[in-house]
Amino acid sequence: KKNILYKNKIKKNNIILAIPSSGLHSNGFSLVRAILKDKKIDISKNKFLKKNLLEPTKIYVDEIINLIGKDLINGCANITGGGLKENIKRIIPDGMCARINLEKIKTKKIFSWLKKQNISDQQMLKTFNCGVGFCLIVNRNNIEKVNKFFSSKYKPYEIGSIIIENRKVILDGKIDWK
């Protein structure tokens, strides 16, 4: 019970960190299958798609349990179906807002490939994690301490902050899909 993260820990000027995903995780495969069927793509003959679509999902449990034990995070969100906006808004207290700069998101090649299949930015953000597997909300002075718990492949990086605003989430800018 002492390790439960309550919304009241999230404060104005906290930083939002993105933890990179390992790929699609388990979201958006209905859309991916529709694209493969429509374009008549056989993934067994496409090394890039075979490798990227079968990439195991990174699970962040060990890192998150350690961070909670050290009292280094104020909130966290697993970025699953619904994408950044829908998953982060669930943890934001009333009267506060997660302001996220989409230009800071580091995408993986599989998301660039998907974007080239005529999927709108809005649909990409709603269906896929777009390279962000998990988000942390932390005090700015804890960023270095938090980073020590992650390998270089999954090192968190800043994508936004908490502001005073009645909307739960604001997405600024656009993702660079290249």
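Residues numbered from 1 in each chain as written. Predicted model: local features only at pLDDT ≥ 70, side-chain atom pairs only at ≥ 80, totals over all residues. Heavy atoms only, no water.

Trainee: Residues and numbers for helix H1 (residues 29–38), please.
Mentor: Listed in full, the buried residues belonging to H1 are Val32, Ile35 and Leu36. Taken down its axis, H1 places every buried residue within 95° of arc, on the same side. In this structure, H1 carries Ser30, Arg33, Lys37 and Asp38 as exposed residues pointing more than 90 degrees from its buried face. Tucked into the core, H1 has its buried residues touching helix H2 (47–53) and helix H5 (109–115). (Buried < 20%, exposed > 50% of the residue type's maximum accessible area, 1.4 Å probe, protein only. Helix = DSSP H or I, 4+ residues; strand = E, 2+ residues; numbered from the N terminus. Arc of directions from axis to C-beta. Contact = heavy atoms within 4.5 Å.)

Trainee: Provide a residue-level description of the sheet that holds strand S1 (residues 15–20), including the pertinent values.
Mentor: Ordered in space as S2-S4-S1-S5-S3-S6, the six strands form an open sheet in which the pairing is mixed. At either margin of the open sheet sits one strand with a lone partner, and together these are strand S2 (75–78) and strand S6 (169–172). Each adjacent strand pair in this sheet contributes to an overall mean axis angle of 25°, direction not counted. Pairing geometry for S2 and strand S4 (residues 132–138), over four bridges, is antiparallel. Note that in S4 the partner of Ala77 across the bridge is Cys135. (Pairing = 2+ DSSP bridges. Axes fitted to C-alpha atoms, helices over the stretch in contact; angles between N-to-C directions.)

Trainee: I'd love a proper account of the pairing of S4, names of residues and values included.
Mentor: Counting buried positions over the seven residues of S4 gives seven, a clear majority of the element. Across six bridges, the pairing between S1 and S4 is antiparallel. Following the sheet pairing, Ala18 is matched in S4 by Cys135.

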